[in-house]
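Results of the structural survey
Listed here are the chains, written in short residue letters.
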Amino acid sequence: MAEPIRFPDIPVYAGWGAPVRLESELRDLEVVQGKVPEDLNGTLYRCGPDPQYPPMRGDSIFIDGEGIASMFRFDHGHVDFRTRYIRNERFTLQEKARRSLFGRYRNRYTDDASVAGKNRGTANTNAIWHGGKLLILKEDSLPWEVDPDTLETIREWDYDGAVKAVSMTAHPKLDLDTGELLTFSYQAKGDATTDVAFYVVDKHGKIAHELWFNAPWAPMVHDFAVTETHVVIPFFPFETDLGVIKGGGPFYQWHPERQTVVAVFPRRGRPDEVRWFRGPTTSAGHMMNATMEGSKLHLDLCLYQGNCFPFFPTPEGKETEPVPPFLSRMTFDLASNSDGYETKQLSPMPCEMPRTDDRYQGRAYRHGYMICFGPDRAGGSMLGHLDHASGKLKLWNPEEASGIQEPCFAPRRPDAPEGDGYLLVLVNRIKEMRNDLAVLDAQKIEAGPVALIRLPTRVRMTFHGMWVPAQALETGIYPVTAMHEAAARAGVHA
Ligand SMILES: [Fe+2]
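None of these values were measured; they are calculated from a predicted model. All residue numbers refer to position in the chain's written sequence, counted from 1. In keeping with the model being predicted, local features are shown solely for residues with a pLDDT of at least 70 and side-chain atom pairs are shown and tallied solely at 80 or more, while totals for entire chains, interfaces and linings include all residues.

Strands are runs of DSSP state E lasting at least 2 residues, helices are runs of H or I lasting at least 4, and numbering of each runs from the N terminus. Here aspartate 357 is to be found in the loop between β23 (342-356) and β24 (367-373). Taking the number of C-beta atoms within 10 Å as the measure of exposure, aspartate 357 has 25 and is therefore buried. Through-space distance from the C-alpha of aspartate 357 to that of tyrosine 422 is 9.6 Å; in sequence the pair is 65 residues apart. When near neighbours in sequence (up to four residues on either side) are disregarded, aspartate 357 contacts His367, Phe409, Pro411, Glu418 and Gly419. Any residue with 12 or fewer other C-beta atoms within 10 Å of its own C-beta is exposed, any with 20 or more is buried, and the rest are partly exposed; the C-beta atoms used are placed from the backbone. C-beta atoms are placed from the backbone for every residue, and two residues are taken to be in contact when these atoms lie within 7 Å.

Printed below as a string of structure tokens:
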């Protein structure tokens, strides 16, 4: 007799975390408030985990689960919606077996014997459009290419064999001026290796530069940041111990006695140009941006004075107490011989999932957007807009018993000033167990949405995503990149 498909009664699957497992398609979502701006044409792509089958071991963590991509296509006031699971090797093997075959988070030594050596990547973290391809990303494996119109899975993408790293970050950085994608891999030669690979991918999707170096331990690096000239990769005190994972233990362990170690190197740097900085024990999942000010490199990130992933225990098996993240600035002086750095807090409220106007990644910028939390996270979450020039934080609080997912910025026009455009935000209607998609004027979020688009279903938990203008999907190149190229040809600095 086959076992019934029944998810365990555990916190990670309770309430909003309950698996949805449904692929949806709806032409013309209902607009229940306001009007969708007619100048907003393009697609919001997002991705998150939605477990395909109950976990093999009866338990799971919220960042695990098979990836499902969502898209909202904006077409002159109309919005069409679609979701599709990523049909990668893991998904198709489990689909055939009608059960989970892959065990503990990232730990291949806990898998069913039938899937030994198979690709266990979940493709559950981010969606990015680059080089004419829509890529679905998770840092445990290489990207998966999906069709930008249908979300049907096409193939695993290793850049025509040019990428030798076994995985790629889910948080690459797009330089919209040059059209380059900057990306990296950690544990790049396999589980528990210290190898880090950094790649520059040109606007056509070809690898233009790579740099390999070694981290001080087998690290976890969820995100990094770039400036116009440099790359900054923080190594917080999480480590993979091969003996521990072979014994069925957690993939990462938190080492509270260790310092934070940060690598900084030029964008086209060589291994001997990697410079190391050290500071107090901290951690972070997500970076807002990095910028240069003279010889100083500023890294803005949601910083935790402790373990940002408390479900990764210490080597003694101790789970740590959650600590709040505050947007903070680490400053590294590249002209100094010191290996220290300074840190200052930028935002008064705890916040996560920081974003900017994507055109200003790596450049001097003024506007930051994030999910803000009150002192008690149970009170839901709000959209925040931090003006770095004035230090003021504006908020938009959806109704009671609601929360929001990561905001994405869409410029009004390719040449619109920084922050002139819209924020697209999935709102979790927790009582109703469904979502709305809110469209807000990015300069006036406190005024509430200019359009509220109703979903009859729930988009469980999309971690990240991006806005891709219609013009980019039509021409294969971002309009900002095209604009900069035209200006360069004309000898004008754009
Ligand atoms: Fe992330």
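Quick look at the nonpolar core now. Counting residues in hydrophobic clusters, the biggest one holds 124 residues, and the most contacted among them are Ala69, Ile136, Val232, Leu423 and Leu424. The residues contacting isoleucine 136, other than those within four sequence positions of it, are Cys47, Gly67, Ala69, Ile86, Ala123, Ala127, Pro143, Trp144 and Val146. As used throughout, a nonpolar core is a set of buried Ala, Val, Leu, Ile, Met, Phe, Trp, Tyr and Cys residues joined through C-beta atoms within 7 Å of each other.

With that settled, consider the pairing of strand β31 (residues 451-454). Consecutive residues of a regular strand have side chains that alternate between opposite faces of the sheet. Burial of the side chains of β31 is restricted to one face: Ala451 and Ile453 are buried, whereas none of Leu452 and Arg454 on the reverse face is. Alignment of strand β2 (residues 30-34) against β31, held across 4 bridges, turns out to be antiparallel. Opposite glycine 34, over in β31, you have alanine 451 as the bridge partner. At least two DSSP bridges between two strands are required for those strands to pair. Note that strand β30 (residues 434-441) and β31 share 4 bridges and pair antiparallel. Bridging across to β31, valine 439 finds its partner in alanine 451.

Within the span of helix α4 (residues 479-489), buried status applies to Val480, Thr481 and His484. Taken around the axis of α4, the buried residues stretch over an arc of 100°, which confines them to a single face. Among the exposed residues of α4, those oriented more than 90 degrees off its buried face are Ala486 and Arg489. The positive-phi residue at the C-terminal boundary of α4 is glycine 491, with phi of around 75°. The arc in question is the one traced by the directions running from the helix axis out to the C-beta atoms.

As summarised here, the arrangement of the 4 strands in space is β10-β11-β12-β13, forming an open sheet in which the pairing is antiparallel. Looking at which strands have only one partner, the edges of the open sheet turn out to be β10 (173-175) and β13 (207-214). Across this sheet, the average inter-strand angle for adjacent strands is 15°, counted without regard to direction. Here strand β12 (residues 195-201) runs beside β13; their pairing, made up of 7 bridges, is antiparallel. By the bridge assignment for β13, valine 200 is matched with histidine 209. Where helices are involved, their axes are fitted lines through C-alpha atoms of the stretch in contact, as for all axes, and angles between N-to-C directions lie from 0 to 180°.

Turning to its location among the elements, glycine 103 is positioned in the loop between α1 (89-97) and β6 (126-130). As a C-alpha pair, glycine 103 and arginine 57 span 46 residues in sequence and 6.5 Å in three-dimensional space. With near-sequence residues (within four places) excluded, glycine 103 lies in contact with Met56, Arg57, Thr110 and Asp111.

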